[in-house]
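So you can see what is in the structure, the chains are spelled out below.
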Amino acid sequence: MVAAVSDYKPTFPQNGKLKKSMLGETWTLELTQTPDILSSINKDGIRTVAFKAEMDEAHGLENAKALLDAKEVDAVCYNLLSGSDSFGTDSNEIEFITPDHITPLGKADKLTLASKILDEARKLADD
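Residue indices begin from 1 for each chain and proceed along its sequence in written order. In view of the model being predicted, local features appear only for residues whose pLDDT reaches at least 70, and side-chain atom pairs are presented and counted only at 80 or more, with totals across whole chains, interfaces and linings using the full set of residues. Side-chain metrics rest on all non-hydrogen atoms present in the structure, leaving aside hydrogens and water.

## Digging into the side chain of Asn-92
Its place among the elements puts Asn-92 in strand E5 (residues 91-97). Here's how the labels work: a residue is buried when its accessible area is under 20% of the maximum for its type, exposed when over 50%, partly exposed in between, all with a 1.4 Å probe on protein chains only. With a relative accessible area of 16%, Asn-92 lands in the buried category. Strands here mean DSSP runs of E at least two residues long; helices mean DSSP runs of H or I at least four residues long; both are numbered from the N terminus.

Written out as structure tokens, the structure is:
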């Protein structure tokens, strides 16, 4: 199972296009936090890998490591972003974190990294 969901959703979703003439000079979008799927699922008998993108170079790695316990996962794929322009790029740099190891997967295109992540996840299944 894979889920990439937003942390927030519109509190009052709208259907269709909202016209500027209807909204006026300013418009406030109210958001509500979404449920944390990874924390809420039953993980008995399955291996789970969380993904953590961080822009905080000083604390990002520790934040990623903390997910192991906080979300009760087997591993975390950690991606340190260099800034907001790092989102949506064709390549990433991932570190695969388990309770015992940090394995740098290097910087590569997303398909190559996906293959490397699967290789590491297979190792978890063998444990």
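## Notes on the environment of Thr-98
Relative to the assigned elements, Thr-98 resides in the loop between E5 and strand E6 (102-109). We classify Thr-98 as buried; its relative accessible area is 16%. The contact rule is simple, with two residues in contact once any of their heavy atoms fall within 4.5 Å. Aside from chain neighbours lying at most four places away, what touches Thr-98 is Leu-68, Asp-74, Ala-75 and Leu-124.

## Here's the deal with the pairing of strand E4 (residues 75-80)
Judged by how many residues are buried, E4 sits mostly within the fold: 5 of 6 residues are covered. As paired elements, strand E3 (residues 49-54) and E4 share 6 bridges and run parallel to each other. The partner of Glu-54 across the bridge, within E4, is Leu-80. Crossover connection from E3 via helix H3 (residues 60-70) to parallel E4: handedness right-handed. Only when DSSP finds a minimum of two bridges between them are two strands counted as paired. Judged from the 4 bridges that link them, E4 and E5 form a sheet pairing that is antiparallel. The path from the first strand over the helix to the second decides the hand: if it runs clockwise while the strands point away from the viewer, the crossover is right-handed.

## Concerning the environment of Ala-64
Here Ala-64 is to be found in helix H3. Classification of Ala-64 by relative accessible area gives buried; the value is 0%. Remark: the alpha-carbon pair of Ala-64 and Glu-25, spanning 39 residues in sequence, is separated by 41 Å.

## Notes on the sheet that holds E4
Spatial strand order, E3-E4-E5-E6: 4 strands in an open sheet with mixed pairing. Both edges of this open sheet fall to E3 and E6, since each of them pairs with a single strand only. Strand-to-strand twist in this sheet, taken as the mean axis angle between neighbours without regard to direction, amounts to 25°. Axis lines are fitted to C-alpha atoms, over the contacting stretch for helices. Their N-to-C directions set the angle, which ranges from 0 to 180 degrees. Helix H4 (residues 110-126) contacts E3, E4, E5 and E6 of the sheet and is inclined by roughly 155° relative to E6.

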